[in-house]
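Observations on the model geometry
What follows is the residue order along each chain.
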Amino acid sequence: MIERGKISAGQMAIMLYLAITPTAILTVPSISFQYARQDFWISPLWAGTAIATVFVALRLHRMYPGLNLLQVSERVLGRLSGKLIGFIILFMYLYLDALVIREYGDFVVGAFLRQTPLIVVSGCMVLVSALAVRGGVEIVARFGQLFLPAFLVFFLFIILPIIPDLNVTFMLPVMAEGIMPSISGSGILQVWYSEFITISFLLPFVADRRKAAKSCTFAILAVILTLVISNLTTLLLLGELTDKYNYPFLVVARYISVADFFAHLESLFMAIWVLGVFVKICVFYYVTVLGTAQWLNLPDYRTIVFPIGFMITFFSMWMAPGYQELIFAIETTVTYYQLTAFVVIPVILFCIASIRKQVSGVR
Amino acid sequence: MNNSEGMFVPMRKWRAALLLLFLCSQTFFLTGCWNRIEINDLAIITAAGFDLTQDEKVEITVNLFLTHTQGNVDMMGGSSGPGGSTPQSLVQSASGINLADALSKLQQILSRNIFWGQNEVFIFGETLARRELIEPMDFLTRHPAPRERANVFVSKGSAKEVLKLQPPVERNLAEVLRELAKTQTGLNITVKELAQMMAGKASAAVIPLVEIKKQEKIKIPIIKGTAIVKNGRMIGRMDDVATRGVLWLRNEIKKATVTVTPEDKEGYVSFELLKSHTELTPHIEGNEWSITAKIDTLDDIVENTTSINLLDTEQTKRLEEKLADDLVNRVNLALTRAQKEMKADIFNFADVFYRKYPKEWNQVKDRWDEIYPQVKVKVEAHPNITRPGLTGKNFLKRN
């Protein structure tokens, strides 16, 4: 195995939590609200994809211990078609990482550093992440552990001071048109939940595998809880304005004013965002690098960290000419591609694998 | 072997030293000096006003906070303080085809970068407000610099005149207006709330009106009355008395002193409001839409010039009824103005109905403008007089 590091199940849960929440807080409310209106705070509860992907990843790992999704697909489908499927998944990871970098860059440039070129903001982030990824899975996991307390404290620093400004009537009527709006509002969230498939790449390095299932459940619950809280806060402050702003949660942070001097907290929001997104980028970057090295049968993955970093940076620039196209892409193609690569393919793999096991078991 | 190792060690040391030097040199890029903006490069705006000029252009007027304390302000043009002391702010204006354009023109005449971060007040001139509020509001919500928590006002007359005032008490004009709005004797509306009302189901909004009051020689701004906004433009005004009714019905009243004259008695009794809560309950029966507004208040008596003994529960009850009548009248006054005359749903009845009757609302949401004036509103006031103050009967008065 080309990675010798070991992580704990808890570290894996933290990595997943930080890999999913930060971007979900930023962009999801606006899209989710369009479908679910005042019920969009319920939407994160419909986490079907998260449960399905975690289940599939855990079962596949039980069938083929120590192997990740790419290796499993080679075992199950044979070398050639296995590699092909592996390429689709790997390319998605590459693309996804570039997408996250781009979202990060667009947000930082659009809302804060208006004069700075996008490539500088994205490039710096990729460079820092590359150094972390070179350190291996243990380093990425440690960063997650290090940043989680800061992430949570900053998050509470935004939620608590805004409470006096919240208006509970904005959430009424709850489920006026039944359960359907909240479910359709959760559609876009499934894209984020599907990222839980990443545990398939982390499970081989988990030292205490018995606790893995429990940690994953905990991670799912933590993500749901965070999203419900952030969505609810956004809704109770902005009401019908939620989908009018591109980054509603940023407005929440900007609106805080306690005792006239505790105000202008968007820098705090930016801190949350940079910390969380850093871990997110590192996790996906690491999976891309590791997977590519395995796919090409390289002896070490460290050699391709920087080349792939370059690819990610340029992908993030080529992805879309502007913010509008980026959002359009996310709402249309990316959603389907990601759900195919992260949900449909693993589920099919799982079905084939379990049929094979049963057939060979009967023999 | 010895030889090769001997060569190798200094090489590594050299490399390490070079790397260290290289890394240290990078710190020069981290100082932030590259894109530094010092405080004396900033034109800190504390209040901004928007007017419509005679040639149909938008004029932006800003109140700049002067970071230097001494200095010759007169040389920089702008305002002159009435008190003779050095004013701490400076007024500048520029016009353009829209706000963004006007702002760029303003930047041209300023030697410093416009900085919105501390801006607390936006004032719309009445002519501009009557023309349209959608364009300026789009700018204020889209541009990342102006803050959503800033207060908005409409000025009787031009916003520029208001911004030129030199307030005698507070540090600058923005502070005055913000504190005035915060006392809640009038409305207190932020950019976010205005955007919310304008984009909401009712599509009607209220903005506090600012007026210039002359007291002897000093001119001060006061908040008096309300501008009523419907479908993105101001359609009318409400006076001070009606505004109080608006506040009661919108459940935004915080401070109030109500004075009533008891029947068959001479003199007045004044109440100070301690607490008030207004609840709107919608009903739909057949085709008839109605709302019951229930106002619960808690009041203390602060003045009594009648001969009533306020410790007498019977009398207190009669006073409560009188107070209730007064409240209902105030609210009805506001209602008639908003509902029957201007037909603007500033109390957000639309949301009230939607919350309880989402299906019925969805059926009529395109015809809300027709239904709203027909909604029957029943106002019930339940005042509760808790304390007579420190004295009972007016003991200075002899009967």
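Please read all numbers here as calculations on a predicted model, not as lab measurements.

Overview of the overall build of chain A
Along chain A, the regular secondary structure elements total 14 helices and two strands. Computed over its C-alpha atoms, the radius of gyration of chain A comes to 20 Å, within 12% of the 21 Å expected for a compact globule of 363 residues. Its C-alpha atoms give chain A principal-axis dimensions of about 70 × 45 × 40 Å. Long-range contacts, defined as pairs at least 24 residues apart, comprise 84% of the intrachain contacts of chain A with a sequence gap of at least 6. Summing over all exposed atoms, chain A offers an accessible surface of approximately 14600 Å²; the carbon and sulfur share of this is 70%. Positive and negative charge centroids in chain A, built from 23 and 18 side chains respectively, lie 18 Å apart.

Thoughts on unusual backbone geometry
At Arg37(A), a position not held by glycine, the phi torsion is positive, near 45°. We note that Asn348(B) has phi near 60°; this positive angle belongs to a residue other than glycine. Taking the relative accessible area as the measure of exposure, Asn348(B) reaches 29% and is therefore partly exposed.

Some words on a nonpolar patch on the surface
A grouping of Leu172(A), Val174(A), Met175(A), Ile179(A), Met180(A) and Ile183(A) is seen on the molecular surface, where their side chains present a nonpolar patch of about 480 Å² in accessible area. When you line up the elements, Ile183(A) lands in helix H7 (residues 180–185).

Digging into the domain arrangement of chain B
All names here are of chain B. Annotation of chain B at the domain level lists domain 1 (35–238) and domain 2 (240–399). Counting residues at the interface gives 22 residues for domain 1 and 25 residues for domain 2. For the pair domain 1 and domain 2, the summed buried area comes to about 1900 Å², and 62% of that belongs to carbon and sulfur atoms. Here domain 1 and domain 2 share two salt bridges between them. Asp351 serves as the salt-bridge partner of Lys201, at 3.3 Å between the closest nitrogen and oxygen. Taken together, domain 1 and domain 2 are joined by four residue pairs in polar contact (both at pLDDT 80 or more).

Observations regarding the packing of helix H4 (residues 79–111) of chain A against helix H12 (residues 266–295) of chain A
All names here are of chain A. Viewed as axis vectors pointing N to C, H4 and H12 meet at an angle of 160°, and their least axial separation amounts to 9 Å. Considering the angle they form, H4 stands roughly antiparallel to H12. Handedness of the H4/H12 crossing: left-handed. Looking at the contact of H4 with H12, its residues break down into 20 nonpolar, five polar and four charged.

Side note on the nonpolar core
Counting 231 residues, the largest nonpolar core has Met12(A), Phe196(A), Phe124(B), Ile346(B), Phe349(B) and Trp368(B) as the members making the most contacts within it. The dominant element in this core, judged by the number of residues it contributes, is H12(A), at 19 residues. Looking at which domains feed residues into this core, each of domain 1 (35–238) and domain 2 (240–399) of chain B gives three or more. With near-sequence residues (within four places) excluded, Phe196(A) lies in contact with Leu16(A), Ile20(A), Ala50(A), Thr53(A), Val54(A), Ala219(A), Ile220(A) and Val223(A).

Comments concerning the sheet that holds strand S11 (residues 269–285) of chain B
Residue and element names in this part refer to chain B. In space, the four strands of this open sheet follow the order S10-S11-S12-S13, with mixed pairing throughout. The open sheet has two edge strands with one neighbour each: strand S10 (257–260) and strand S13 (376–387). Looking at each pair of strands side by side, their axes are set apart by 40° on average, direction ignored. Relative to strand S12 (residues 288–304), S11 is paired through 16 bridges, and the arrangement is antiparallel. Within S12, the residue paired with Ile284 across the bridge is Trp289. Running over the sheet, helix H9 (residues 313–342) touches S10, S11, S12 and S13 and is turned about 145° from S13. Running over the sheet, helix H10 (residues 349–356) touches S11, S12 and S13 and is turned about 55° from S11.

Observations concerning the layout of surface pockets
For the second largest pocket, the calculated volume is near 2000 Å³. Taken together, 43 residues line the second largest pocket, and the ones lying closest to its centre are Phe112(A), Leu113(A), Arg114(A), Gln115(A) and Thr116(A). Listed by contribution, the elements that provide at least two residues to the lining of the second largest pocket are H4, helix H5 (118–134), helix H11 (248–255) and H12 of chain A together with helix H1 (2–26), helix H2 (99–109) and strand S4 (113–115) of chain B. The greatest single-element share of the lining of the second largest pocket, amounting to four residues, is contributed by H5(A). In terms of residue class, the lining of the second largest pocket is built from 24 nonpolar, 13 polar and six charged.

Notes on the interface of chain B and chain A
Across the contact, 26 residues belong to chain B and 26 residues belong to chain A. In total, about 2300 Å² of surface goes out of reach between chain B and chain A, with carbon and sulfur atoms giving 45% of it. The largest share of the area that chain B buries against chain A comes from Arg147(B), Arg149(B) and Arg355(B), three residues that together contribute 30% of it. Scanning the region where chain B abuts chain A turns up three salt bridges. The shortest N-O distance in the salt bridge between Arg254(A) and Glu148(B) comes to 2.8 Å. On inspection of chain B and its partner chain A, the count reaches eleven residue pairs in polar contact (both at pLDDT 80 or more).

Things to note about the pattern of salt bridges
All names here are of chain A. Counting across every chain of the model gives 25 salt bridges over all chains. Between Lys83 and Glu74 there is a salt bridge, with the nearest N and O atoms lying 3.3 Å from each other. Judged by relative accessible area, which is 13%, Lys83 ranks as buried. On the basis of relative accessibility, which here comes to 23%, the residue Glu74 falls in the partly exposed class. Its salt-bridge partner being Lys244, residue Asp243 comes within 3.2 Å of it at the nearest N-O pair. By sharing partners, the salt bridges in this structure join Arg37, Asp243 and Lys244 into a single network.

About the thresholds
- Residues numbered from 1 in each chain as written.
- Chains lettered and ligands numbered in written order.
- Predicted model: local features only at pLDDT ≥ 70, side-chain atom pairs only at ≥ 80, totals over all residues.
- Heavy atoms only, no water.
- Helix = DSSP H or I, 4+ residues; strand = E, 2+ residues; numbered from the N terminus.
- Rg over C-alpha atoms; globule rule 2.2 N^0.38 Å.
- Contact = heavy atoms within 4.5 Å.
- Areas by Shrake-Rupley, 256 points an atom, 1.4 Å probe, with all protein chains shown as cover.
- Lys, Arg positive; Asp, Glu negative; His and termini not counted.
- Charge placed at Lys NZ, Arg CZ, Asp CG, Glu CD.
- Buried < 20%, exposed > 50% of the residue type's maximum accessible area, 1.4 Å probe, protein only.
- Patch = residues over 30% accessible without salt bridge, like charges linked within 9 Å, V, L, I, M, F, W, Y side chains within 5 Å.
- Salt bridge = Lys/Arg side-chain N within 4 Å of Asp/Glu carboxyl O.
- Domains from an automatic or database assignment.
- Buried area = accessible area lost by both parts, 1.4 Å probe.
- Polar contact = N/O pair within 3.5 Å; in protein donor to acceptor, adjacent residues only side chain to side chain.
- Axes fitted to C-alpha atoms, helices over the stretch in contact; angles between N-to-C directions.
- Parallel < 35°, antiparallel > 145°, perpendicular 65-115°, else oblique.
- Left-handed = near helix turned anticlockwise from the far one by under 90°.
- Nonpolar A, V, L, I, M, F, W, Y, C, P; charged D, E, K, R; others polar.
- Core = buried A, V, L, I, M, F, W, Y, C linked by side-chain atoms within 4.5 Å.
- Pairing = 2+ DSSP bridges.
- 1 Å grid on protein atoms, 1.4 Å probe; cavity = no way out; pocket = protein on both sides within 12 Å on 5 of 7 lines; lining within 4 Å.
- Points joined across faces, edges and corners; volume = space filled by probe spheres on them.

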